[in-house]
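Examination of the molecular architecture
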Amino acid sequence: MNKENKPNKTTAKIGLFSSITILISAVVGIGIFFKNKSILGNNNSDGWGVLISWLIATIITLTTALAFAEIITSDKKHDGSGLAGWTYKICGHKFGRFVLIAMPLFYFIFKLVDTSFFAGESVLLIFNKPVYDPVSGSTSISIEQNVWIVVLVAYLIMVGFITMNGISTRAAKGVSWVASICKFTPLILIGFLGIIFGALDGFTHTFFSTNTPITKLANGSSISILGIFASLPALLFTFDSFLIVGNAAGNMSKPQQQVPKAILIGIPIVAGLYLFVTVGQLLTGQRDVYAFFDFIVTKVNGGNKAKTVVNILIGCAIMLSLFGSINAMTLGAVRSLQAGIESHDIVGAIVFKRLGRNLPLRAGCLYGLIIASGVCGIMAIPTIILNSDSVYDGVSNLPTLFFFMIYALVVLFGLINHYSNKVEVKKMKIYPFIAVISIIGCGFAFGYNLFYEFFGRCFTDDTPVKWGMFKGQEIDRVIASIFVWSVLIIFIALPFINDLCISKLRPGTKQRLIWQ
């Protein structure tokens, strides 16, 4: 038996259930625990507007997932894994190579670094007590420790997960299972307890009541169309990374059947969970997870000690939830880097391939560790100077934002291919319909944020941008916009820089570069 083929057979251990848990771990992060607070703000605290916003975001995500379910069925061979490989098949060399390079070197690395940082914050949250504000009646929590401690803890967490993924696929799979359970438990509790205690309270705090001062708008209308549109980009971000399961295809026995099934089963589960949590919060009038459980403990006459214990448990649940997200991001990162090393598509591939020899996955881990460490070091400088997590928060949504345009374009090429039959796929009759919804939805999320929030509003609105999760601060909108557009330039330039380096380091290479 050929030694090179042996690892592929022995590592194909990820089944359908594990694929679904990997997808859920990647998608369900810290956002759902706090997202409804900003969505309520966009919708003037009207529950119906919030619910409609979630439903539309769910429809856009499901149509995108269905669209990729057709694209994935192509049996055309390519070395790229996941989205990169599918883009190559449907969109051709130039666009395919762009994604093949940008996916591991930009998307996964930045997502991994950011998620690790928030996980570091979640660890420290356990040692910080929530503060009750008697004026607003709300409970908030912040991190008292200096941010350099967060950076150090985050880096150690990231190194630990990269190492684990390089050593054991079984361990990584186990973390996904545990993290999924830890995510589901508090979120399901919010749904059930919200319905029960909302009813026991007579729904006196509900955001669905349009007759109370908290939800009544000045013009008498309870639903804001503008608020719904403004909420969609943020809500779509909570569904991102559902395609990450495609990067584990090399460890699946039947990836062509398993990946679409995992996506089409996993996304409805996540969507149902999000809607259930949202209803629970809306029925009790609570804006985030800490305020929600503070409300529940108060209703059962629990004292400060009970609230402290509950808050520690919430912190643990958030921490374990983020660990699941890091594990999924690491899985996607090292496997996409591994594919790039094996195919010589990323700079330095030959060196790392030699280092990996008969252990190609560990070569991907080593490459990922070096690149991610560099990104951590760069981002740590302004973070420590400002003693704020605003830089990490500002960067965290940008890979998602930029790849929404990638999703829209791939689905558009898939729509063209649906009629041209250039690449053979298993066609769905509803593909043209769902593709249009997906293209408009994903394109809107990209355009609204980039051209309205971070360009148009620079000239019409001097309201600062609030970036940061637990140690945030206000950033001047012009400065924030310059930052966002600068990162976009880096994102676009990165594949060209990669191939320029390859052409200089390997002048006689037969590698087909992005401009060829």
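Before any of the text, the structure's been laid out above.
Bear in mind the structure is a predicted one, so any value in this text is a computation, not a measurement.

1. A look at helix H4 (residues 47-71)
Because the α-helix completes a turn every 3.6 residues, residues three or four places apart line up on one side. In this model H4 runs 36 Å from its N-terminal to its C-terminal C-alpha over 25 residues, within 8% of the 36 Å that 1.5 Å per residue would give. Of all 25 residues making up H4, 18 are buried, and the element is well covered by its neighbours. Near the N-terminus of H4, the side chain that reaches the backbone nitrogen of Trp48, with its oxygen 3.2 Å away, is that of Asp46.

2. Describing the pattern of salt bridges
Enumeration over the complete set of coordinates arrives at 5 salt bridges. Residue Arg97 is joined to Asp499 by a salt bridge in which the shortest nitrogen-to-oxygen separation is 2.7 Å. Pair noted here: Arg97 is in helix H6 (residues 93-125) and Asp499 is in helix H18 (residues 477-505), with a separation of 402 residues, a long-range link. The exposure class assigned to Arg97 is buried, which follows from its relative accessible area of 0%. Since its relative accessible area comes to 0%, Asp499 is described here as buried.

3. Concerning unusual backbone geometry
At Asn387, a residue that is not glycine, the phi angle is positive and equals roughly 50°. Take Asn387: it is sitting in the loop between helix H14 (360-386) and helix H15 (390-396). With a phi close to 60°, Asn421 is a non-glycine residue in the positive phi region. Turning to its location among the elements, Asn421 is positioned in the loop between helix H16 (398-420) and helix H17 (431-460).

4. Describing the packing of aromatic side chains
Within a pair of aromatic rings, the relevant descriptors are the distance that separates the centres and the angle that separates the planes. For the structure on display, the rule yields 25 aromatic pairs. An aromatic cluster is present here, built from Phe98, Phe106, Tyr107, Phe108, Phe110, Phe402, Phe403 and Phe491 joined pairwise through their rings.

5. Overview of the environment of Ala234
Looking at the element boundaries, Ala234 is found in helix H9 (residues 225-237). In this structure Ala234 comes out as buried when scored by relative accessible area, which is 19%. Setting aside residues no more than four positions away along its own chain, Ala234 makes contact with Lys35 and Ile39.

6. Focus on the side chain of Ser390
Its location among the elements puts Ser390 in helix H15. Only 3.3 Å separates the side chain of Ser390 from the side chain of Gln473, close enough to count as a polar contact. If sequence neighbours within four positions are ignored, Ser390 has contacts with Trp467, Gly468, Lys471, Gln473 and Ile475.

7. Overview of the environment of Met379
The topology assignment puts Met379 in helix H14. As for Met379 and Asp389, which are separated by 10 residues in sequence, their C-alpha atoms are 10.0 Å apart. With residues up to four places along the chain from it excluded, the contact list for Met379 reads Phe110, Val113, Asp114, Val391, Tyr392 and Val395.

Scoring rules and cut-offs
- Residues numbered from 1 in each chain as written.
- Predicted model: local features only at pLDDT ≥ 70, side-chain atom pairs only at ≥ 80, totals over all residues.
- Heavy atoms only, no water.
- Helix = DSSP H or I, 4+ residues; strand = E, 2+ residues; numbered from the N terminus.
- Expected span 1.5 Å × (residues − 1).
- Buried < 20%, exposed > 50% of the residue type's maximum accessible area, 1.4 Å probe, protein only.
- Polar contact = N/O pair within 3.5 Å; in protein donor to acceptor, adjacent residues only side chain to side chain.
- Salt bridge = Lys/Arg side-chain N within 4 Å of Asp/Glu carboxyl O.
- Phe/Tyr/Trp six-rings, centres within 6.5 Å; stacked < 30°, edge-to-face > 60°.
- Contact = heavy atoms within 4.5 Å.

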